[in-house]
Amino acid sequence: ISASMSERGVWPEAADKQVASVCPYCGVGCQLTYHVKGNRILFVEGRNGPANQGRLCVKGRYGFDYAHHPQRLTKPLIRRRDAPPKRGDFTLDPDRVFDVFREATWDEALVLAAGGLKAIRDRHGARSLAGFGSAKGSNEEAYLFQKLVRTGFGSNNVDHCTRLCHASSVVALLEGIGSGAVSNPVMDVKQAEVVIVIGANPTVNHPVAATFLKNAVKAGTKLIVCDPRRSDLARLAHRFLQFRPASDVAMLNAMMHVIVTEGLVDESFIANRTIGYDELRRNVEGFSPEAMAPICGIDAETLRYVARLYAKSKASMILWGMGVSQHVHGTDNARCLIALALMTGQIGRPGTGLHPLRGQNNVQGASDAGLIPMMFPDYQHVSSPEVRARFERAWGLAAGALDAEVGLTVVEVMHAAKRGEIRGMVVQGENPAMSDPDANHAREALAQLEHLVVQDIFLTETAYLADVVLPASAFPEKTGTFTNTDRMVQMARQAVTPPGDARQDLWIIQEIGKRLGLNWNYGHAREVFDEMRHTMPSIAGITWDRLEREHAVTYPCPNEGDPGEPV
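To start, this report covers the structure provided alongside it. (Residues numbered from 1 in each chain as written. Predicted model: local features only at pLDDT ≥ 70, side-chain atom pairs only at ≥ 80, totals over all residues. Heavy atoms only, no water.)

**So, the overall build of the protein**
Within the protein one finds 22 helices and 20 strands. The C-alpha radius of gyration of the protein comes to 24 Å, within 12% of the 24 Å expected for a compact globule of 567 residues. Here the protein holds 567 residues, and 60% of them are scored as buried. Once local pairs closer than 6 in sequence are excluded, the contacts in the protein between residues at least 24 apart make up 69%. Total accessible area computed for the protein in this model is approximately 22200 Å², and 50% of it derives from carbon and sulfur atoms. Both charge centroids of the protein, one from 61 positive and one from 63 negative side chains, sit 2 Å from each other. (Helix = DSSP H or I, 4+ residues; strand = E, 2+ residues; numbered from the N terminus. Rg over C-alpha atoms; globule rule 2.2 N^0.38 Å. Buried < 20%, exposed > 50% of the residue type's maximum accessible area, 1.4 Å probe, protein only. Contact = heavy atoms within 4.5 Å. Areas by Shrake-Rupley, 256 points an atom, 1.4 Å probe, with all protein chains shown as cover. Lys, Arg positive; Asp, Glu negative; His and termini not counted. Charge placed at Lys NZ, Arg CZ, Asp CG, Glu CD.)

**Focus: the sheet that holds strand S8 (residues 194-198)**
An order of S10-S9-S8-S11-S12 is seen for the five strands of this open sheet, with the pairing classed as parallel. Both outer strands of the open sheet, strand S10 (239-241) and strand S12 (353-356), are each paired with one neighbouring strand and no more. Neighbour to neighbour, the strand axes of the sheet diverge by 15 degrees on average, direction disregarded. Inspection of the sheet shows S8 paired to strand S11 (residues 316-320) by five bridges, in the parallel sense. (Pairing = 2+ DSSP bridges. Axes fitted to C-alpha atoms, helices over the stretch in contact; angles between N-to-C directions.)

**Describing the pairing of strand S6 (residues 129-132)**
Of the two faces of S6, the one carrying Leu 129 and Gly 131 and the one carrying Ala 130 and Phe 132 are both buried. Bridge analysis of S6 against strand S15 (residues 424-428) gives four bridges, and the strand direction is parallel. The residue bridging Ala 130 from the neighbouring strand is Met 425, located in S15. Alignment of S6 against strand S7 (residues 158-159), held across two bridges, turns out to be parallel. From the neighbouring strand, Phe 132 faces S7, where its bridge partner is Asp 159. Regarding topology, helix H4 (residues 139-153) serves as the crossover connection from S6 to the parallel S7, and that connection is right-handed. (Right-handed = clockwise from strand over helix to strand, strands pointing away.)

**A look at the packing of aromatic side chains**
Throughout the structure, instances matching the rule amount to nine aromatic pairs. For the pair Tyr 143 and Trp 395, a centre-to-centre distance of 6.3 Å together with 75 degrees between the ring planes defines the contact as edge-to-face. Taken together, the positions of Tyr 143 in helix H4 and Trp 395 in the loop between helix H16 (385-394) and helix H17 (410-419) put the pair 252 residues apart, joining distant regions of the chain. For the pair formed by Tyr 143 and Trp 395, the shared burial category is buried. Feature note: the residues Tyr 143, Phe 376, Phe 391 and Trp 395 constitute an aromatic cluster, connected by ring pairs. (Phe/Tyr/Trp six-rings, centres within 6.5 Å; stacked < 30°, edge-to-face > 60°.)

**Section: the sheet that holds strand S16 (residues 451-456)**
One open sheet accounts for seven strands, arranged S5-S4-S17-S16-S15-S6-S7; its pairing is mixed. At either end of the open sheet lies a strand with only one pairing partner, and these are strand S5 (101-103) and S7. In terms of strand pairing, S16 meets strand S17 (residues 468-471) through four bridges, oriented parallel. Following the sheet pairing, Val 454 is matched in S17 by Val 469. Where helix H20 (residues 505-515) meets the sheet, its contacts fall on S15, S16 and S17, and the angle it forms with S16 comes to roughly 155 degrees.

**Comments concerning the packing of helix H11 (residues 289-296) against helix H12 (residues 300-312)**
Two elements in contact, H11 and H12, have axes whose closest approach is 8 Å; the angle formed by their N-to-C orientations is 110 degrees. By the criterion of interaxial angle, the relationship of H11 to H12 is roughly perpendicular. By crossing handedness, the relation of H11 to H12 is classed as right-handed. Where H11 abuts H12, its residues Pro 289, Glu 290, Ala 293 and Cys 296 lie against Ala 300, Leu 303 and Arg 304. Residues belonging to the contact of H11 with H12 are distributed by class as follows: five nonpolar, no polar and two charged. (Parallel < 35°, antiparallel > 145°, perpendicular 65-115°, else oblique. Left-handed = near helix turned anticlockwise from the far one by under 90°. Nonpolar A, V, L, I, M, F, W, Y, C, P; charged D, E, K, R; others polar.)

So this is what it looks like as structure tokens:
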């Protein structure tokens, strides 16, 4: 009903207010407007944001009702003393929640949550604790959460779902071009002559971005789709390369072989902007299309044609997704794509470049903010004494206070918990009991923990195994910044208030920190953001007031007043 009514611009009720915000779903970062009456969202419309130009997909337009769901957590819950023992093979039954938990006051729940963590830290050491943050939360929440783990727990055992999506791409990009983010925005497909989409299905996972890709094809851009599966975009492709699973490296090296042997490299770009080309040239000598065709399942002539097309065009762009990165050889796959761009000079200009399509709405921002075990905010490595000293000064810590050892990843934390080495955890807005690659193993590991604290908006499978459950805020209930796949920092604004006694995630993180001995007193997300920009050179020039005015600023933006650098 709502779909047909919205198409005609007719709604059953008039809104009291309109709130400008962004979409909480994928990495495209569409700007939208919430239409609100009382404390309920009536409907959503797209705004003319730089990533969507008024467009929204079905999720962004209609997927807001979860915030008003009757099963939202509204009070803190504490595990009952007479509750059944935790088991990894449980069946979640939200209707029987009070057989396992009892309601509590915030003070009681926070004292128990932090007290259990503090006892484990003091008894077994800092590395016996870990924290999982969220790619759905704001930049400020990600930053404060990693700061909680690093200064309140005392280790770098902090991670989030990027470990299971684009971590391999980030490793390759940091190694290959010095930045873990995209080189060019999605919208650059409109300026490209050739676009390669490999291991991605944008029409399903990034629908609004896919519409701009379709517009580009209609205007003359040649689309090359490379995927073991036939996706919707294959219908529009100039060439569809349905290669054999796990043969990405063979196929991409064959293309590089063509570019090298036929003299299609950009020699000036290579000489002025790269190192290691001679090693690459020698490496691809044995990867002729004729030799690789039986391995990848693409005939040699097609490999040659696509390689020539990509190398010779005035502007070629590569977009990739989980099919490249969630892979035993994910980092090698991304290295090949980076090498293709560098050897042909197809990077650094509009319509060129490398774009790993980010999945969650803030997986880019959460990684930028340091919610990963090997990096402080802005990808500053934890092993560097200079970096640690800089953050110790910024955070008011004694010299040597920050851990120099790389923390455990999501997957490593689960193994360590199963072995009894990780004894306590805080999980904010993640559900590893459902999303871990081996859910049964994850549930067994979580059930073994001495103390598990979960802050979320529903009683998830992970929350069901918790000792303390803290009711948090849904996306439309919070104000903060989010960074989309284009490196665009955007402002999201609170449209409605959390239900019952549910609280803001920033408040919850801060209250746990206080009870662990941290002298924190952040009154608003803007204060956290201001601290972030003074520790992260890439966003140093972006102020909260500017985001309030302009809604979005692309980083790197090192100085106030800089326009930001999309390319």
